[in-house]
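# Remarks on the overall topology
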Amino acid sequence: MTAKYDKYLGYLKYDGERVAEGFLDAKQSAEILLAFDESIRFFARREGVHQEFELPVKINEGSWEIQIPITLYQWSISAVGAGATVYAVTAAKKLAENDFKDVTTGDIVKSALSKIKQFIQIRKHIGTNEKAEIKKSSKIINGTIHIVNSQGGMLALSKEDFDAYMDAPDNILNNLAKPIDDKMILRIATIDKGIPREETIGPNEKLLFFKSDINEEMLLPELCDGATVSLEGEITKGNERTNFIGLEYKGFILNCRPVEGGVRPHKPFLFTRSIVHGVVHRPPGEKSHKFSYHELNQLKCRRTP
(Lines give C-alpha, C1' and ligand atoms only; values in the text may rest on other atoms or scores of the structure.)
Protein backbone atom coordinates (compact mmCIF):
# COMPACT_ATOMS: atom_id res chain seq x y z
CA MET A 1 0.00 0.00 0.00
CA THR A 2 2.89 2.36 0.74
CA ALA A 3 4.31 1.97 -2.79
CA LYS A 4 0.89 2.55 -4.35
CA TYR A 5 0.39 5.96 -2.75
CA ASP A 6 3.91 7.23 -2.09
CA LYS A 7 3.61 9.77 -4.94
CA TYR A 8 0.31 11.26 -3.72
CA LEU A 9 -0.77 13.52 -0.87
CA GLY A 10 -4.42 12.53 -0.90
CA TYR A 11 -7.35 11.18 -2.85
CA LEU A 12 -11.10 11.07 -3.27
CA LYS A 13 -12.53 7.85 -4.65
CA TYR A 14 -15.70 5.87 -5.10
CA ASP A 15 -15.53 2.11 -4.54
CA GLY A 16 -18.15 -0.47 -5.38
CA GLU A 17 -19.90 -2.47 -8.06
CA ARG A 18 -21.04 0.61 -10.02
CA VAL A 19 -17.47 1.76 -10.66
CA ALA A 20 -15.68 -1.60 -10.86
CA GLU A 21 -14.46 -0.73 -14.36
CA GLY A 22 -13.56 2.86 -13.47
CA PHE A 23 -16.55 4.49 -15.19
CA LEU A 24 -19.11 6.99 -13.87
CA ASP A 25 -21.75 9.09 -15.58
CA ALA A 26 -20.17 12.10 -17.32
CA LYS A 27 -22.48 14.65 -15.68
CA GLN A 28 -21.88 13.18 -12.23
CA SER A 29 -18.13 13.16 -12.87
CA ALA A 30 -18.22 16.85 -13.74
CA GLU A 31 -20.28 17.65 -10.63
CA ILE A 32 -17.88 15.69 -8.44
CA LEU A 33 -14.80 17.43 -9.82
CA LEU A 34 -16.38 20.86 -9.38
CA ALA A 35 -17.64 20.09 -5.86
CA PHE A 36 -14.26 18.71 -4.82
CA ASP A 37 -12.50 21.80 -6.17
CA GLU A 38 -14.94 24.15 -4.41
CA SER A 39 -14.64 22.35 -1.06
CA ILE A 40 -10.82 22.46 -1.20
CA ARG A 41 -10.85 26.17 -2.03
CA PHE A 42 -13.38 26.98 0.71
CA PHE A 43 -11.14 25.60 3.45
CA ALA A 44 -8.07 27.17 1.83
CA ARG A 45 -9.77 30.59 1.99
CA ARG A 46 -10.43 30.07 5.71
CA GLU A 47 -6.67 29.79 6.20
CA GLY A 48 -6.14 33.13 4.47
CA VAL A 49 -5.32 31.86 0.97
CA HIS A 50 -7.38 33.91 -1.46
CA GLN A 51 -5.10 33.58 -4.48
CA GLU A 52 -5.77 31.30 -7.42
CA PHE A 53 -3.80 28.04 -7.47
CA GLU A 54 -3.79 25.04 -9.73
CA LEU A 55 -5.33 21.81 -8.50
CA PRO A 56 -4.29 19.03 -10.91
CA VAL A 57 -5.88 15.64 -10.45
CA LYS A 58 -5.40 12.18 -11.95
CA ILE A 59 -8.42 9.99 -12.58
CA ASN A 60 -7.43 6.41 -11.79
CA GLU A 61 -8.80 3.16 -13.17
CA GLY A 62 -10.25 0.28 -11.13
CA SER A 63 -12.36 2.61 -9.04
CA TRP A 64 -13.43 6.16 -9.80
CA GLU A 65 -10.61 8.01 -8.08
CA ILE A 66 -9.16 11.51 -7.99
CA GLN A 67 -5.50 11.30 -6.95
CA ILE A 68 -3.67 14.49 -5.99
CA PRO A 69 0.05 14.20 -6.83
CA ILE A 70 2.66 14.99 -4.23
CA THR A 71 4.48 17.10 -6.85
CA LEU A 72 2.17 19.88 -5.71
CA TYR A 73 4.77 20.47 -3.01
CA GLN A 74 7.07 21.97 -5.64
CA TRP A 75 4.40 24.39 -6.79
CA SER A 76 4.06 27.78 -5.14
CA ILE A 77 0.99 29.92 -4.75
CA SER A 78 0.71 32.57 -7.43
CA ALA A 79 -1.44 35.61 -7.80
CA VAL A 80 -4.26 35.65 -10.34
CA GLY A 81 -2.91 35.48 -13.89
CA ALA A 82 -4.74 37.21 -16.69
CA GLY A 83 -6.46 40.38 -15.55
CA ALA A 84 -4.42 40.62 -12.35
CA THR A 85 -4.75 43.93 -10.53
CA VAL A 86 -2.89 45.76 -7.81
CA TYR A 87 -4.99 43.74 -5.34
CA ALA A 88 -3.56 40.46 -6.62
CA VAL A 89 -0.04 41.82 -6.27
CA THR A 90 -0.82 43.03 -2.76
CA ALA A 91 -2.19 39.61 -1.92
CA ALA A 92 1.02 37.88 -3.00
CA LYS A 93 3.05 40.37 -0.98
CA LYS A 94 0.86 39.72 2.05
CA LEU A 95 1.65 35.99 1.88
CA ALA A 96 5.37 36.69 1.95
CA GLU A 97 5.07 39.19 4.80
CA ASN A 98 3.18 36.69 6.94
CA ASP A 99 5.62 33.78 6.68
CA PHE A 100 3.58 32.03 4.00
CA LYS A 101 6.55 32.01 1.64
CA ASP A 102 7.46 28.44 2.64
CA VAL A 103 3.89 27.18 2.43
CA THR A 104 3.23 25.44 -0.87
CA THR A 105 0.00 24.68 -2.65
CA GLY A 106 0.45 21.05 -1.58
CA ASP A 107 0.47 22.04 2.10
CA ILE A 108 -2.71 24.04 1.61
CA VAL A 109 -4.52 21.28 -0.28
CA LYS A 110 -3.54 18.64 2.28
CA SER A 111 -4.74 20.87 5.12
CA ALA A 112 -8.02 21.44 3.29
CA LEU A 113 -8.41 17.68 2.77
CA SER A 114 -7.93 17.20 6.50
CA LYS A 115 -10.72 19.72 7.16
CA ILE A 116 -13.04 17.86 4.77
CA LYS A 117 -12.29 14.60 6.60
CA GLN A 118 -12.96 16.34 9.91
CA PHE A 119 -16.29 17.63 8.54
CA ILE A 120 -17.29 14.05 7.71
CA GLN A 121 -16.13 12.74 11.08
CA ILE A 122 -18.09 15.36 13.02
CA ARG A 123 -21.33 14.82 11.11
CA LYS A 124 -21.11 11.02 11.39
CA HIS A 125 -20.32 11.29 15.11
CA ILE A 126 -23.27 13.50 15.96
CA GLY A 127 -25.62 11.83 13.47
CA THR A 128 -27.25 15.04 12.25
CA ASN A 129 -26.62 17.87 9.81
CA GLU A 130 -28.23 20.42 12.14
CA LYS A 131 -25.53 22.76 13.43
CA ALA A 132 -27.78 23.89 16.29
CA GLU A 133 -27.68 20.32 17.61
CA ILE A 134 -23.89 20.28 17.46
CA LYS A 135 -23.68 23.55 19.38
CA LYS A 136 -26.08 22.19 21.98
CA SER A 137 -24.08 18.96 22.29
CA SER A 138 -20.66 20.58 22.66
CA LYS A 139 -18.77 21.60 25.77
CA ILE A 140 -15.30 22.90 26.54
CA ILE A 141 -13.00 20.76 28.71
CA ASN A 142 -9.49 22.06 29.43
CA GLY A 143 -9.59 24.34 26.41
CA THR A 144 -10.69 21.56 24.01
CA ILE A 145 -14.19 21.34 22.52
CA HIS A 146 -15.93 18.00 23.05
CA ILE A 147 -19.02 16.98 21.09
CA VAL A 148 -21.20 14.43 22.87
CA ASN A 149 -23.44 12.22 20.73
CA SER A 150 -26.67 10.43 21.69
CA GLN A 151 -24.73 7.34 22.80
CA GLY A 152 -22.59 9.38 25.15
CA GLY A 153 -19.51 9.16 22.94
CA MET A 154 -17.23 12.20 22.85
CA LEU A 155 -15.30 13.66 19.95
CA ALA A 156 -12.52 16.07 20.94
CA LEU A 157 -11.79 18.97 18.58
CA SER A 158 -9.55 21.98 18.54
CA LYS A 159 -11.37 25.32 18.35
CA GLU A 160 -9.95 25.74 14.83
CA ASP A 161 -11.50 22.47 13.61
CA PHE A 162 -14.80 23.22 15.36
CA ASP A 163 -14.98 26.70 13.83
CA ALA A 164 -14.09 25.33 10.37
CA TYR A 165 -17.03 22.95 10.59
CA MET A 166 -19.46 25.60 11.82
CA ASP A 167 -18.36 28.06 9.10
CA ALA A 168 -18.66 25.58 6.23
CA PRO A 169 -21.84 25.67 4.11
CA ASP A 170 -24.21 22.86 5.11
CA ASN A 171 -24.25 21.58 1.53
CA ILE A 172 -20.50 21.69 0.91
CA LEU A 173 -20.31 17.91 0.26
CA ASN A 174 -23.74 17.61 -1.37
CA ASN A 175 -22.54 16.72 -4.87
CA LEU A 176 -19.81 14.45 -3.51
CA ALA A 177 -22.37 12.41 -1.56
CA LYS A 178 -24.96 12.44 -4.37
CA PRO A 179 -23.71 9.34 -6.30
CA ILE A 180 -23.48 7.12 -3.17
CA ASP A 181 -25.84 4.14 -3.08
CA ASP A 182 -25.84 0.53 -1.92
CA LYS A 183 -23.40 -0.28 -4.75
CA MET A 184 -20.91 2.52 -4.10
CA ILE A 185 -19.25 4.36 -1.20
CA LEU A 186 -17.09 7.50 -1.01
CA ARG A 187 -13.60 7.55 0.50
CA ILE A 188 -11.54 10.70 1.15
CA ALA A 189 -7.98 10.38 2.42
CA THR A 190 -4.83 12.25 3.26
CA ILE A 191 -1.63 10.26 2.81
CA ASP A 192 1.25 10.21 5.29
CA LYS A 193 4.43 8.34 4.31
CA GLY A 194 2.45 6.41 1.72
CA ILE A 195 -0.28 5.34 4.17
CA PRO A 196 -3.86 6.61 3.49
CA ARG A 197 -5.84 8.01 6.42
CA GLU A 198 -9.46 7.73 5.30
CA GLU A 199 -12.90 8.96 6.17
CA THR A 200 -15.81 7.30 4.38
CA ILE A 201 -19.44 8.02 3.57
CA GLY A 202 -21.59 4.96 2.94
CA PRO A 203 -25.23 4.56 1.88
CA ASN A 204 -26.47 4.61 5.48
CA GLU A 205 -24.77 7.97 6.03
CA LYS A 206 -25.57 9.62 2.70
CA LEU A 207 -28.50 11.69 3.98
CA LEU A 208 -26.24 13.36 6.55
CA PHE A 209 -24.49 15.07 3.62
CA PHE A 210 -26.96 15.09 0.72
CA LYS A 211 -30.28 16.83 0.08
CA SER A 212 -31.98 15.94 -3.19
CA ASP A 213 -33.72 19.31 -3.46
CA ILE A 214 -30.66 21.43 -2.69
CA ASN A 215 -30.72 23.12 -6.11
CA GLU A 216 -34.29 24.28 -5.54
CA GLU A 217 -33.48 26.08 -2.32
CA MET A 218 -32.71 29.77 -2.40
CA LEU A 219 -29.30 30.47 -0.95
CA LEU A 220 -29.10 33.35 1.52
CA PRO A 221 -32.86 34.01 1.27
CA GLU A 222 -32.50 37.00 3.62
CA LEU A 223 -30.72 38.86 0.82
CA CYS A 224 -33.75 39.80 -1.24
CA ASP A 225 -33.65 42.26 -4.10
CA GLY A 226 -33.81 45.88 -2.97
CA ALA A 227 -33.14 45.17 0.71
CA THR A 228 -30.83 47.56 2.58
CA VAL A 229 -28.38 45.46 4.57
CA SER A 230 -25.26 45.65 6.73
CA LEU A 231 -23.17 42.49 6.37
CA GLU A 232 -20.07 41.54 8.34
CA GLY A 233 -17.36 39.45 6.73
CA GLU A 234 -13.84 39.47 5.33
CA ILE A 235 -12.91 41.56 2.31
CA THR A 236 -11.19 38.92 0.19
CA LYS A 237 -10.44 40.61 -3.12
CA GLY A 238 -10.72 43.76 -5.18
CA ASN A 239 -10.76 44.12 -8.94
CA GLU A 240 -10.28 47.55 -10.45
CA ARG A 241 -11.12 46.32 -13.94
CA THR A 242 -14.59 45.04 -13.00
CA ASN A 243 -14.95 47.51 -10.11
CA PHE A 244 -15.98 44.87 -7.58
CA ILE A 245 -14.88 44.01 -4.05
CA GLY A 246 -15.46 40.45 -2.78
CA LEU A 247 -17.00 39.97 0.66
CA GLU A 248 -16.87 36.49 2.18
CA TYR A 249 -20.21 36.06 3.97
CA LYS A 250 -21.52 32.75 5.38
CA GLY A 251 -19.23 30.78 3.06
CA PHE A 252 -20.19 32.71 -0.08
CA ILE A 253 -18.36 35.45 -1.94
CA LEU A 254 -20.65 38.44 -2.56
CA ASN A 255 -19.65 40.93 -5.23
CA CYS A 256 -19.92 44.50 -3.95
CA ARG A 257 -19.82 47.53 -6.24
CA PRO A 258 -19.33 51.09 -4.94
CA VAL A 259 -22.35 53.31 -5.46
CA GLU A 260 -20.01 55.81 -7.07
CA GLY A 261 -16.33 55.89 -7.99
CA GLY A 262 -13.92 52.97 -8.06
CA VAL A 263 -12.78 50.35 -5.57
CA ARG A 264 -9.30 51.83 -5.03
CA PRO A 265 -10.34 53.90 -1.95
CA HIS A 266 -11.42 50.65 -0.30
CA LYS A 267 -8.01 49.01 -0.75
CA PRO A 268 -7.07 49.48 2.97
CA PHE A 269 -9.92 47.09 3.88
CA LEU A 270 -8.45 44.17 1.90
CA PHE A 271 -8.02 41.08 4.13
CA THR A 272 -9.77 42.77 7.06
CA ARG A 273 -13.03 41.84 8.76
CA SER A 274 -15.37 44.65 7.87
CA ILE A 275 -19.01 45.67 7.77
CA VAL A 276 -20.37 46.45 4.32
CA HIS A 277 -23.48 48.63 4.03
CA GLY A 278 -25.44 48.39 0.79
CA VAL A 279 -28.54 47.70 -1.23
CA VAL A 280 -28.98 44.17 -2.61
CA HIS A 281 -29.34 43.65 -6.34
CA ARG A 282 -30.53 40.13 -7.14
CA PRO A 283 -32.38 39.07 -10.31
CA PRO A 284 -35.94 37.96 -9.47
CA GLY A 285 -36.24 34.23 -8.83
CA GLU A 286 -32.48 33.68 -8.66
CA LYS A 287 -31.74 30.60 -6.52
CA SER A 288 -28.48 29.29 -7.89
CA HIS A 289 -25.01 29.15 -6.39
CA LYS A 290 -23.69 31.64 -8.96
CA PHE A 291 -22.51 34.03 -6.32
CA SER A 292 -21.94 36.84 -8.80
CA TYR A 293 -25.70 37.22 -8.91
CA HIS A 294 -25.77 38.20 -5.25
CA GLU A 295 -24.54 41.76 -5.57
CA LEU A 296 -24.54 44.75 -3.27
CA ASN A 297 -24.71 47.67 -5.62
CA GLN A 298 -23.85 50.21 -2.94
CA LEU A 299 -20.73 49.91 -0.84
CA LYS A 300 -19.41 51.54 2.31
CA CYS A 301 -16.87 49.66 4.41
CA ARG A 302 -15.85 50.07 8.01
CA ARG A 303 -13.65 47.81 10.07
CA THR A 304 -14.98 45.81 12.97
CA PRO A 305 -13.06 45.89 16.26
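A short tour of the structure in this document, coming up. Each chain carries its own residue numbering, running from 1 in the written order of its sequence. In keeping with the predicted nature of the model, local features appear solely for residues at pLDDT of at least 70, side-chain atom pairs appear and are counted solely at 80 or more, and the whole-chain, interface and lining totals rest on all residues. Note that the side-chain values use all heavy atoms of the structure and ignore hydrogens as well as water.

Moving on: the overall build of the protein. Each helix and strand in the protein was counted, giving 7 helices and 14 strands. Exposure categories follow from relative accessible area, calculated using a 1.4 Å probe and restricted to protein chains: below 20% of the type maximum is buried, above 50% is exposed, and the middle band is partly exposed. A total of 305 residues make up the protein; the buried ones form 48% of that total. The long-range share in the protein, meaning contacts at least 24 apart out of those at least 6 apart in sequence, stands at 70%. Here the open area of atoms and residues is found with the Shrake-Rupley method and a 1.4 Å probe, where only the protein chains shown may cover a residue. Surface exposure of the protein reaches about 15,600 Å², of which carbon and sulfur atoms provide 51%. Starting at the N terminus, helices and strands are each numbered in turn, a helix being any DSSP run of H or I of at least four residues and a strand any DSSP run of E of at least two. Note on contacts: a residue pair qualifies if any of its non-hydrogen atoms lie within 4.5 Å across the two residues.

Considering the arrangement of structural elements, one finds Thr-128 in the loop between helix H4 (105–126) and helix H5 (131–136). Looking at Thr-128, the relative accessible area reads 17%, which means it is buried. Whenever a nitrogen or oxygen atom comes within 3.5 Å of another N or O atom, the pair is scored as a polar contact, on the condition that within protein one atom can donate a hydrogen and the other can accept it, and that pairs from neighbouring residues in sequence are kept only if both atoms are in side chains. Among the polar contacts made by the side chain of Thr-128, one reaches the main-chain amide nitrogen of Glu-130 at a distance of 3.1 Å. Each residue touching Thr-128, except ones within four places of it in the same chain, is listed here: Arg-123, Glu-133, Tyr-165 and Leu-208.

For helix H2 (residues 26–46), built from 21 residues, the straight-helix expectation of 30 Å at 1.5 Å per residue is met to within 8% by its first-to-last C-alpha distance of 31 Å. Among the residues trailing H2, Gly-48 stands out with phi positive, at a value near 90°. A helix is expected to span 1.5 Å for every residue after the first.

Let us now look at the pairing of strand S7 (residues 185–192). Within a regular strand, the side chains alternate between the two sheet faces. Here a strand pair is declared whenever DSSP counts at least two bridges between the two strands. The pairing of strand S1 (residues 8–15) with S7 spans 6 bridges and is antiparallel. Paired with Lys-13 across the strands is Arg-187, a residue of S7. Examined bridge by bridge, S7 and strand S8 (residues 195–201) share 7 bridges and lie antiparallel to one another. Opposite Leu-186, over in S8, you have Ile-201 as the bridge partner. Taking the residues between adjacent antiparallel strands as the criterion, S7 and S8 are bridged by 2 residues, where Lys-193 takes a positive phi near 55°.

On to unusual backbone geometry, then. The backbone of Asn-142 sits at a positive phi, close to 50°, despite the residue not being glycine. As for its position among the elements, Asn-142 is in the loop between strand S4 (138–141) and strand S5 (144–148).

Each axis is a line fitted through C-alpha atoms, taken for helices only over the stretch in contact, and angles between the N-to-C directions span 0 to 180 degrees. Where H2 contacts helix H6 (residues 159–167), the two axes come as close as 11 Å, and the packing angle between them is 130°. With respect to their mutual orientation, H2 and H6 come out oblique. Along this stretch, H2 crosses H6, giving a crossing that reads as right-handed. Contacts from Phe-42, Phe-43 and Arg-46 in H2 reach Glu-160, Asp-163, Ala-164 and Asp-167 in H6. Note on terminology: angles under 35 degrees are roughly parallel, angles over 145 are roughly antiparallel, angles of 65 to 115 are roughly perpendicular, and the others are oblique. With the far helix as reference, a near helix turned anticlockwise by less than a right angle produces a left-handed crossing, and one turned clockwise produces a right-handed crossing.

Another aspect to go through is the pairing of S4. In this sheet, S5 lies alongside S4 in antiparallel orientation, the contact comprising 4 bridges. Paired with Ile-140 across the bridge in S5 is Ile-145. Count of turn residues in the S4/S5 antiparallel hairpin: 2 residues, of which Asn-142 carries a positive phi of about 50°.

So yeah, pure geometry; function would need other evidence.
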